There are 2 protein chains.
Amino acid sequence: MADQVKSITKKSKDISGWYNDVVERAQLVEHGPVKGTMIWKPRGFALWEEIQKNLDVKIKDLGAKAVYFPLFIPESFLKKEKEHIKGFSPQLAVVTHAGGEKLKEPIVVRPTSETVMYEAFSRWIQSWRDLPLIINQWANVVRWEMRPYYFLRTTEFLWQEGHTAHATNEEAQVMAEMALKMYVDFYQKVLGLYGYAGRKSESEKFPGADTTLTYEILMPDGKVVQGCTSHNLGQNFSKVFKVDYQDEKGQKQLVYQTSWGLSSRSIGAMILMHGDDNGLVLPPMLAPHQVVIIPIITKSSDKEKIRNLADKAFEILEINNVRVKLDDSDQSPGWKFNQYDLEGVPIRIEIGSTEAKDNRFRIVRRDNKHSFDIHVNALGAEVSNLLKEIQIEMLDNSRDFTYKNTRQADTYSDFKKIMSSKRGFIEAFWCEAESCETAIKQETKATTRCLPLDAIEANGECIYCGKRAKFRWLFGQSY
Amino acid sequence: MADQVKSITKKSKDISGWYNDVVERAQLVEHGPVKGTMIWKPRGFALWEEIQKNLDVKIKDLGAKAVYFPLFIPESFLKKEKEHIKGFSPQLAVVTHAGGEKLKEPIVVRPTSETVMYEAFSRWIQSWRDLPLIINQWANVVRWEMRPYYFLRTTEFLWQEGHTAHATNEEAQVMAEMALKMYVDFYQKVLGLYGYAGRKSESEKFPGADTTLTYEILMPDGKVVQGCTSHNLGQNFSKVFKVDYQDEKGQKQLVYQTSWGLSSRSIGAMILMHGDDNGLVLPPMLAPHQVVIIPIITKSSDKEKIRNLADKAFEILEINNVRVKLDDSDQSPGWKFNQYDLEGVPIRIEIGSTEAKDNRFRIVRRDNKHSFDIHVNALGAEVSNLLKEIQIEMLDNSRDFTYKNTRQADTYSDFKKIMSSKRGFIEAFWCEAESCETAIKQETKATTRCLPLDAIEANGECIYCGKRAKFRWLFGQSY
């Protein structure tokens, strides 16, 4: 099904055009028939399977039990928490007819599961012994999307959502921070994506949360992707869903809650950041195939020798737990090079007559195109090390890029200048008044991305109104 | 969250009451707020995770690639295949409003994915080189359910659906048979459930299929669960979705297709068949915990010795790849025995003062309550063997029960007598006319379950109308 006919738009020229071309040509996904939905083809879904495999272990390490709650939520449930329904109502898909009849009460297709879960929590939690309650589900959710964009903005998306209940606000806060730390770790170690961890402003936080933590990732076009969120919900939901328990003294208490999620949009960020004009560049930890072996047979007398060496390389790498593919199909070597570049396989191993003679392999890195030779005896150890090295260097590049494109602005005129040229992250004092935030957004498209967790209090002036401002917030144009 | 207060209804007295009690008390699932939906609690979802783990490997061995298609399907897609829409339309949930607006075209929440997938197939498949195409997705689907029953009849259920396209009808038929074989293998080896594999009648087959294969499983109350289905769709869908390809001679040809699925209702069948008055009885292959170790400390002077031996047993079993849990909580041994009986853990290991003195363990089987001692040196091998033995014996019991309750009826009066007493499977000649099938159903509640794959042609007379009948079909009352 590969299609190498069309050329890919240059990334430097038109990043949206490039992104669409790469996603489609690498056969990751395509548009579904209902606006904003996405068909995950085998190569795209393989990435989500790797993400699930990696993240699920970490989620279970947090103590979470796997559950599954219904797709359908009565509309009345969503209306119970006022901020929650206000935030989500423009994006809801509503079932009004089912089983051949008009329903008495409309049903909402879950945009997130707080309401349906916490109604159950109110029954599950009775005593302090039932706390903390920590659950997670992998599910599809629906938020109607008017301007769909592969992975990053889709009507239906795939995610995991963790939900917890605790006896104290301190515990809930620690939980929300641990979940964020898990995501940061995952983004950095698996996806090779550096970003800033911080707290959302009041207007940008989750509808129904006390505070929202986030990981914000800079893209090559200077726009920013929100990589995940982790919310301290306080008692906002426990109040309306009556999630209470008897404490050790026999007193009724409301629980404190958190919720946290990471979605399939993480794949979009990974593609945008690492990809190049030849296609995807997958970080080794995520790549379904980390290495592809390509025999290059030019003299038929060398055929057997080359094939044997290719088989040997395959065996050695499999033993070393490397996810390896041997492509001895009839396609030309050139076609294969292009294909696996497009698919983003981190390491290519070529074996031709010269290599076979010397019992060595030609190694080509996908990320920086460096190539060198390795003797058969060193293959296992060298490739394992190289995969680790590539993984680290991809994160380093992402970090360097982020630092280079994080600028302080001390005047609003500087701020506007940056936003009208390179964008990126801007650190600027802000008085935390919503009016300034809204005005800045309208005039520059920049929104507050977060207050970094390590921000230091200072005696500043708001970049917009000049009033007292304690912190430099991170601004950027959101995807 | 365990609740041992209520007693469980006796299975022999009222199997529906018993089933609801066991499912709820073992904390597997509960009803969701929207009619017919189900909340999967940790212990219930753990079973589905085990099923996914086991079956996904087999599905990938069939050559299937994992994909994910949208939840939402335009209503017009479903209407393209006339039998298909006729079959599903009474069960559809319809989204009419989204994003704050009334939709121009209603959207259906997928009841199954043939239509949305095959529209994509028509673009994916161009040449004979693209065949066979074999894909699978794990997903939630919705079929409105008026008489919900945990696992067996739910509005939203979880399943996998495999979909394939082939150049010839023979290949499609082989594929449908291979998928069925995989399910039979899974049911027998993992769930310990014997059943009959066969072909559905014209009226019972999947709407849009040429033929439907099935695995029919007898339950203790004499009713029958359809365990899975595998359809040869012929060219019914490829005609309407124009799924065609150029063959090796350059001619346009329509593909032949199959689809096959196994759902969360398999868990319901497993519970109904194996469970007893004390709760679940899980087959070892499925059990999240295969063994639970319970230290019984009556003399505090023996505490350390007992604990050490319990730790040792845990280590030995973990090394032997047994999924083991050590419960050294403060609950009483009696409470623990009841709890793990309820949860259906296949083997219980008790360690008290006597056992600790002799370096041995008391082993208690959940399925038949047999108990005996094992010395520490033999523990690893013996438990591994015992788990295999239990697995086999559970299947043997299911097979014995099925055979004992499969009866030939040669007159309609015998047929009615069986249906009004023990039910079970009835083998009876049927002329294959829908009118007889319908009349039998109305008069006895028995439907044709399948024509067994190994049925032998004979010269019989239809049990209902007396006309010529070639085969004895299997009848039974469906769940």
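Because the structure is predicted, anything quoted here is derived from the model rather than measured. (Residues numbered from 1 in each chain as written. Chains lettered and ligands numbered in written order. Predicted model: local features only at pLDDT ≥ 70, side-chain atom pairs only at ≥ 80, totals over all residues.)

*Asks:* So what about the overall build of chain A? Which residues, and what values?
*Replies:* When its secondary structure is counted, chain A shows 14 helices and 25 strands. Since a compact globule built from 479 residues should have a radius of gyration of about 23 Å, the 25 Å found for chain A is in line with a globular shape. Taking the principal axes of the C-alpha coordinates as reference, chain A spans close to 85 × 55 × 50 Å. Considering only contacts in chain A between residues 6 or more positions apart, those separated by 24 or more positions represent 68%. (Helix = DSSP H or I, 4+ residues; strand = E, 2+ residues; numbered from the N terminus. Rg over C-alpha atoms; globule rule 2.2 N^0.38 Å. Contact = placed C-beta atoms within 7 Å.)

*Asks:* So what's going on with the interface of chain B and chain A? Residues and values would help.
*Replies:* Contact residues are listed per partner, giving 47 residues for chain B and 47 residues for chain A. Per-class residue counts for the side of chain B that touches chain A are 33 nonpolar, eight polar and six charged. As judged from the five bridges shared by strand β5 (residues 93-98) of chain A and strand β5 (residues 93-98) of chain B, these two strands associate in the antiparallel manner. Paired with V94 of chain A across the bridge in β5 of chain B is H97 of chain B. (Nonpolar A, V, L, I, M, F, W, Y, C, P; charged D, E, K, R; others polar. Pairing = 2+ DSSP bridges.)

*Asks:* Got a sec to walk through the sheet that holds strand β18 (residues 360-365) of chain A? Specific residues and values, please.
*Replies:* All names here are of chain A. If you walk across this open sheet you meet the five strands as β16-β15-β17-β18-β19, and the pairing is mixed. Both outer strands of the open sheet, β16 (324-326) and β19 (371-375), are each paired with one neighbouring strand and no more. In this sheet, neighbouring strand axes are inclined to one another by 25 degrees on average, regardless of whether the strands run parallel or antiparallel. Two elements, β18 and β19, share five bridges in a ladder whose sense is antiparallel. Each bridged residue has a counterpart across the sheet, and for R362 the counterpart in β19 is D373. (Axes fitted to C-alpha atoms, helices over the stretch in contact; angles between N-to-C directions.)

*Asks:* Before we move on, can you summarise helix α1 (residues 15-25) of chain B with the specific residues and values?
*Replies:* Residue and element names in this part refer to chain B. Every buried residue belonging to α1 is among W18, Y19, V22 and V23, and all of these are buried. For α1, the angular spread of buried residues about the axis comes to 125 degrees, placing them on one side. If you follow the buried residues of α1, they end up packed against β1 (29-31) and α8 (265-274). Phi turns positive one or two residues past the end of α1, at Q27, with a value near 60 degrees. (Buried ≥ 20, exposed ≤ 12 C-beta atoms within 10 Å, placed from the backbone. Arc of directions from axis to C-beta.)

*Asks:* Describe in detail the packing of helix α9 (residues 303-319) of chain B against helix α12 (residues 379-404) of chain B, supporting the description with residues and values.
*Replies:* Residue and element names in this part refer to chain B. Look at α9 against α12: their axes get within 9 Å of each other, and the N-to-C directions meet at 60 degrees. Taken as axis vectors, α9 and α12 run oblique relative to one another. Note that α9 runs across α12; the crossing there is right-handed. Residues A313, I316, L317 and I319 of α9 lie in contact with α12, whose contacting residues are L379, G380 and V383. (Parallel < 35°, antiparallel > 145°, perpendicular 65-115°, else oblique. Left-handed = near helix turned anticlockwise from the far one by under 90°.)

*Asks:* Could you give an account of unusual backbone geometry, naming the residues involved and the relevant values?
*Replies:* Excluding glycine, a negative phi dihedral is what most residues carry, and trans is how most peptide bonds are arranged. Residue and element names in this part refer to chain A. Put simply, L131 and P132 share a cis peptide bond, and its omega is -10 degrees. For P132, the position within the fold is in the loop between α5 (114-124) and β7 (133-142). Positive phi values are uncommon outside glycine, yet F151 reaches one of about 65 degrees. A positive phi angle, near 75 degrees, is found at E432, a position not held by glycine.

*Asks:* How would you sum up the sheet that holds strand β18 (residues 360-365) of chain B? Please name residues and give values.
*Replies:* All names here are of chain B. The five strands lie next to each other as β16-β15-β17-β18-β19, forming an open sheet whose pairing is mixed. With one partner strand each, in any of the chains shown, β16 (324-326) and β19 (371-375) form the two edges of the open sheet. Within this sheet the neighbouring strands show an average axis-to-axis angle of 25 degrees, counted without direction. Pairing between strand β15 (residues 291-295) and β16: three bridges, direction parallel. Opposite V291, over in β16, you have V324 as the bridge partner.

*Asks:* Describe the domain arrangement of chain A, and please don't skip the residues or the numbers.
*Replies:* When the parts of a complex come together, some accessible area is lost, and that lost area is often used as the size of the interface. Residue and element names in this part refer to chain A. Taken domain by domain, chain A consists of domain 1 (15-274), domain 2 (291-392) and domain 3 (406-478). The interface is formed by 16 residues belonging to domain 1 together with 17 residues belonging to domain 3. Where the side of domain 1 that touches domain 3 is concerned, the elements lending two or more residues are β9 (196-199), β10 (211-218) and β11 (223-234). It is β9 that contributes the most residues to the side of domain 1 that touches domain 3, four residues altogether. Here the side of domain 1 that touches domain 3 is composed, by residue class, of four nonpolar, six polar and six charged. (Domains from an automatic or database assignment.)

*Asks:* Give a description of the relation of the copies chain B and chain A that names residues and reports values.
*Replies:* Note that the two copies of the chain are related through a rotation about an axis and a translation along the same axis. Superposition record for chain B on chain A: RMSD 0.0 Å, screw rotation 180 degrees, translation along axis 0.0 Å. Such a combination of turn and shift is consistent with a two-fold rotation axis. Using C-alpha coordinates, one finds that chain B approaches the rotation axis most closely at V95 of chain B, a distance of 2.1 Å. Both copies share a contact surface, since 100% of the interface residues of chain B are interface residues in chain A too. (Least-squares fit on C-alpha atoms with pLDDT ≥ 70 in both.)

*Asks:* An account of the pairing of β15 of chain B is requested, with residue identities and associated values reported.
*Replies:* Residue and element names in this part refer to chain B. Judged by how many residues are buried, β15 sits mostly within the fold: five of five residues are covered. Side chains V291, I293 and P295 project from β15 onto one buried face, and the interleaved V292 and I294 project onto a second face that is buried too. Since β15 and β16 lie parallel, the crossover through α9 that links them has a hand, and here it is right-handed. Strand direction decides the pairing type here: β15 and strand β17 (residues 347-351), joined by five bridges, are parallel. Within the sheet, the bridge partner assigned to I294 lies in β17 and is E350. (Right-handed = clockwise from strand over helix to strand, strands pointing away.)

*Asks:* Which residues make up helix α6 (residues 169-189) of chain A, and what are the values?
*Replies:* All names here are of chain A. Between its first and last C-alpha, α6 extends 30 Å over 21 residues, near the 30 Å set by a 1.5 Å rise per residue. Looking only at α6, the buried set comprises A172, M175, A176, A179, L180, M182, Y183, V184, F186 and Y187. For α6, the elements touching its buried residues are α2 (42-61), β8 (156-166), β9, β10, β11 and β14 (256-263). (Expected span 1.5 Å × (residues − 1).)

*Asks:* Could you give an account of the environment of E393 of chain A, with specific residues and numbers?
*Replies:* Note on placement: E393 of chain A falls in helix α12 (residues 379-404). Sequence separation between E393 of chain A and K422 of chain A is 29 residues; the distance between their C-alpha atoms is 24 Å.

*Asks:* Quick one: what's the story with the environment of K422 of chain B, residue by residue and with numbers?
*Replies:* All names here are of chain B. Secondary-structure assignment places K422 in the loop between α13 (412-420) and β21 (425-430). For the pair formed by K422 and P220, sequence separation is 202 residues and the distance between their alpha carbons is 9.8 Å. Apart from residues no more than four positions distant in its own chain, K422 is found in contact with G222 and N405.

*Asks:* Describe the pairing of β8 of chain A, naming the residues involved and giving the relevant values.
*Replies:* Residues and elements named next belong to chain A. The buried fraction of β8 is high, at 10 of 11 residues. Alignment of β7 against β8, held across 10 bridges, turns out to be antiparallel. Along β8, the bridge assignment pairs Q137 with E161. Two elements, β8 and β14, share eight bridges in a ladder whose sense is antiparallel. Each residue of the ladder has a partner; that of A165, found in β14, is Q257.

*Asks:* Before we move on, could you go through the environment of E145 of chain B and cite the residues and values that matter?
*Replies:* Residues and elements named next belong to chain B. Examined against the element boundaries, E145 turns out to sit in the loop between β7 (133-142) and β8 (156-166). Judged by the 19 C-beta atoms lying within 10 Å of it, E145 falls in the partly exposed class. For the pair E145 and L92, spaced 53 residues apart in sequence, the C-alpha separation works out to 9.6 Å. Beyond its immediate stretch of four places on either side in the chain, E145 contacts G36, R153, T154 and T155.

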